[in-house]
Amino acid sequence: MTDLRQDTLDSFAEIFGRPADGLWSAPGRVNLIGEHTDYNEGFVFPFAINRRTIAALGLRDDRIVRVGSSFADELVEIDLSDLRPEALSGWSSYPLGLAWALGEFGADLDAVPGFDLLLDSNVPVGAGLSSSAAIESAVGFALNDVWQLGLDRRTLARAGQRAENVAIGAPTGIMDQSASLLGERDAAVFLDCRSLHAEIVPLGLEAAGLEIVIIDTRVSHAHATGGYAERRASCEAGARALGVESLRDVGVDDLDRAREILDEVTFRRVRHVVTENQRVLDTVRTLREQGPTAIGDLLDASHRSMRDDFEISVPELDLAVETAQANGAIGARMTGGGFGGSAIALVPTDALSRVYVALDGAFAEHGFGQPDLFTVTASEGAKREN
Ligand code: GLA
């Protein structure tokens, strides 16, 4: 990380021919539990991870914006007066889309100065660890500082979501950006996506001798297309048919009535969201009362619900979860939007190598590509580095 920071500053000076004004960073996230609940105004329980996007930025005295990154060779240039979602494409839609979205939350884009920006990141792309939210949060945090906007972290999260929804065209919720901005070391963010009230809940993994293992299946996914939007539409249709504003207003006790009203598929989509909200509440309570060793069954149940009711898992994710569970994990589930990406497993430190070996073996046996296996720790949210 220290190297990444220094490298980013060095590259900035080389590319733009001047030193950066400062360095900012923001993390990716893992969702411990609460999937596809955020856009239903429900509960989520993610944490920020120790993989970050670094943003080196220097203000200019004109209105030009130039953005470079370690993901692409090109330098993208745009005049702030031309900054509109329709004018953006490719990877630069994330940083530039965020700059545009700040205009929707109070920045006067006709008055602010341009900037040079260089991004680097060690959040794996397409792994379901929110590399995009890490970019949006790092850039939002940096521009909030240099443009002196005075926006709080929650508002920056909403700007990130707006960039994602409008500039990228992915109809995602508020979870990823909230985790990236509100996360704290060794703790998860219990977020009510209706009120945006957040509580920081200590995870206590180290004291319990537990690790969070990421099993990146390397099956890539995209939320701007296909399944994610379809699921969201089903949830909205379910809420309409049940006469509620959002599925947040449906409880586990209402499911019998919902079964009578809804078609079979919509009912299962609704049942996932409603039971998942309850599992988030149960996980937070169990964690507080009994510690992390007691939450495994809730993680397992969450995976089953996504596999059978919401139908967003893939064979590689199911294999990852089952193999981890059979080899010492306390609990496991796919994490993120689904259709690929990563699973997480809660694993006692002394069972770690057994789980790794079993996963490598099982993937090979099924003819799947090798998964990428690593542990993550809960880390702090967006910050200024220097
Ligand atoms: C993606 C989205 C989030 C959330 C999850 C599913 O990560 O960006 O807003 O909907 O999927 O829980």
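Here the structure is a predicted model, which is why all the values come from computation and not from measurement. (Residues numbered from 1 in each chain as written. Predicted model: local features only at pLDDT ≥ 70, side-chain atom pairs only at ≥ 80, totals over all residues. Heavy atoms only, no water.)

Considerations on the overall build of the protein chain
The cut-off we apply is this: Helix numbers and strand numbers start at the N terminus; a helix is a DSSP run of H or I with at least 4 residues, a strand a run of E with at least 2. Buried means the residue's accessible area, taken with a 1.4 Å probe over protein chains only, is under 20% of the maximum for its type, while exposed means over 50%, and partly exposed covers the values in between. Each accessible area is a Shrake-Rupley estimate made with a 1.4 Å probe; only the visible protein chains count as cover when residues are assessed. The convention is simple: Lys and Arg are positive, Asp and Glu are negative, and His and the chain ends are not counted. In this description, the location of a charge corresponds to atom NZ of lysine, CZ of arginine, CG of aspartate or CD of glutamate.
Scanning the protein chain from N- to C-terminus turns up eleven helices and twelve strands. The C-alpha extent of the protein chain, read off along each of the three principal axes, is 60 × 50 × 40 Å. In the protein chain, buried positions account for 61% of the 386 residues. Here the protein chain displays about 14900 Å² of accessible surface, and carbon together with sulfur accounts for 45% of that area. Treating the 34 positive side-chain charges of the protein chain as one cloud and the 60 negative ones as another, the clouds have centres 3 Å apart.

Notes on the site of the ligand
Rules: Residues are labelled near a given molecule or strand when at least one of their non-hydrogen atoms is within 4 Å of it. Polar contacts, as counted here, are pairs of nitrogen or oxygen atoms within 3.5 Å of one another; within protein the pair requires one atom able to donate a hydrogen and one able to accept it, and residues that are adjacent in sequence qualify only if both atoms are side-chain atoms. Each residue is assigned to one class: nonpolar for Ala, Val, Leu, Ile, Met, Phe, Trp, Tyr, Cys and Pro, charged for Asp, Glu, Lys and Arg, and polar for all the others, Gly among them.
Near the ligand there are 13 residues, and of these Glu35, His36, Asp38, Asp176 and Tyr228 occur at the shortest range. Here an oxygen atom of the ligand and a backbone polar atom of Gly173 are 2.8 Å apart. The separation between an oxygen atom of the ligand and a polar side-chain atom of Tyr228 is 2.5 Å. In isolation the ligand has 300 Å² of accessible area, and contact with the protein removes 97% of it. Grouping the amino acids of the shell around the ligand by side-chain chemistry returns three nonpolar, six polar and four charged.

With respect to helix H5 (residues 175-182)
The buried fraction of H5 is high, at eight of eight residues. Buried residues of H5: Met175, Asp176, Gln177, Ser178, Ala179, Ser180, Leu181 and Leu182, and no others.

Looking at the pattern of salt bridges
Pairing is possible between side chains of opposite charge, provided their charged atoms come close. Formally: The term salt bridge refers to a pairing of a side-chain nitrogen on Lys or Arg with a carboxyl oxygen on Asp or Glu at a separation within 4 Å.
For the coordinates displayed, the defined rule picks out 29 salt bridges. In this structure, the salt-bridge partner of Glu385 is Arg5, at a minimum N-O distance of 2.6 Å. With a gap of 380 residues between them, Glu385 in the segment after strand S12 (383-384) and Arg5 in helix H1 (residues 2-16) connect regions that are remote in the sequence. Between Arg60 and Asp116 there is a salt bridge whose closest N-O contact spans 3.1 Å.

A word on a negative patch on the surface
Note the cut-off: A patch consists of residues whose relative accessible area exceeds 30% and which take part in no salt bridge; residues with like charges are grouped when within 9 Å of each other, and nonpolar side chains (Val, Leu, Ile, Met, Phe, Trp, Tyr) when within 5 Å.
Taken together, the side chains of Asp3, Asp7, Asp10 and Glu14 present a region of like negative charge at the surface. Following the sequence through the fold, Glu14 ends up in helix H1. Accessibility expressed as a relative area gives 68% for Glu14, which makes it exposed.

Some thoughts on the pairing of strand S10 (residues 342-348)
Rule in force here: Paired strands are those between which DSSP finds at least two bridges.
Of all seven residues in S10, seven are buried; the element is thus mostly enclosed. Burial of S10 is two-sided: the residues Ser342, Ile344, Leu346 and Pro348 facing one way and the residues Ala343, Ala345 and Val347 facing the other way are all buried. Bridge analysis of strand S8 (residues 210-216) against S10 gives seven bridges, and the strand direction is antiparallel. Each bridged residue has a counterpart across the sheet, and for Val213 the counterpart in S10 is Ala345. Sheet topology places strand S9 (residues 331-334) next to S10; four bridges connect them, and they run antiparallel.

Here's the deal with the nonpolar core
To be explicit about the condition: Here the nonpolar core consists of buried residues drawn from Ala, Val, Leu, Ile, Met, Phe, Trp, Tyr and Cys, with membership extended through side-chain atoms lying within 4.5 Å.
Formed by 50 residues in total, the largest nonpolar core has its most connected members in Leu83, Leu102, Leu143 and Trp147. Considering every element that reaches this core, the biggest residue donor is helix H3 (residues 131-146), with seven residues. Counting 38 residues, the second largest nonpolar core, distinct from the first, contains Tyr39, Val213, Ala324 and Phe363.

Notes on the side chain of Thr335
The condition is simple: What makes two residues a contact is simply this: any of their non-hydrogen atoms within 4.5 Å.
Inspection of the secondary structure puts Thr335 in the loop between S9 and S10. With a relative accessible area of 1%, Thr335 lands in the buried category. For Thr335, the side chain forms a polar contact with the main-chain oxygen of Asn31, separated by 2.9 Å. Setting aside its immediate chain neighbours within four residues, Thr335 contacts Val30, Asn31, Glu35, Ser342, Ala343 and Ile344.

A word on the packing of aromatic side chains
Spelled out, the test is: Between 30 and 60 degrees the pair is tilted, below 30 it is stacked and above 60 it is edge-to-face, where a pair is any two Phe, Tyr or Trp rings, Trp via its six-membered ring, whose centres lie within 6.5 Å. When the NZ atom of lysine or the CZ atom of arginine is within 6 Å of a ring's centre and also within 35 degrees of its normal, the charge is said to sit over that ring.
Scanning the entire structure with this criterion turns up seven aromatic pairs. Aromatic pair Tyr39 and Tyr228: ring centres 5.6 Å apart, planes at 65 degrees, arrangement edge-to-face. Here Tyr39, found in the loop between strand S1 (22-33) and strand S2 (43-59), pairs with Tyr228, found in helix H6 (residues 227-242); they are 189 residues apart in sequence, far enough to count as distant. Across this residue pair, the class does not change: Tyr39 and Tyr228 are buried. Centre to centre, the rings of Phe45 and Phe190 are 6.3 Å apart; their planes meet at 90 degrees, and the pair counts as edge-to-face. In this pair, Phe45 is assigned in strand S2 and Phe190 in strand S6 (residues 187-192), connecting sequence segments 145 residues apart. Clustering of aromatic rings is evident, with ring pairs tying together Phe43, Phe45 and Phe190. Positioned above the aromatic ring of Phe374, the side-chain terminus of Arg51 is 4.3 Å from the ring centre.

Considering the sheet that holds S9
Under the convention used in this document: Helix axes are fitted only over the stretch in contact, all axes being lines through C-alpha atoms; the angle between N-to-C directions runs from 0 to 180 degrees.
Strands sit in the order S9-S10-S8-S11 across an open sheet of four strands; the sheet is antiparallel. A single partner strand is all that each edge strand has here, and the edge strands are S9 and strand S11 (372-376). Direction aside, neighbouring strands of the sheet carry axes that sit 20 degrees apart on average. As defined by bridge partners, S8 adjoins S11 across five bridges and the pair is classed as antiparallel. Residue Asp216 lies in a different strand from S11, and its bridge partner there is Asp372. Seen against the sheet, helix H10 (residues 315-326) touches S8, S9 and S10 and runs at an angle of roughly 175 degrees to S9.

These values are about where atoms sit, not about what they do.
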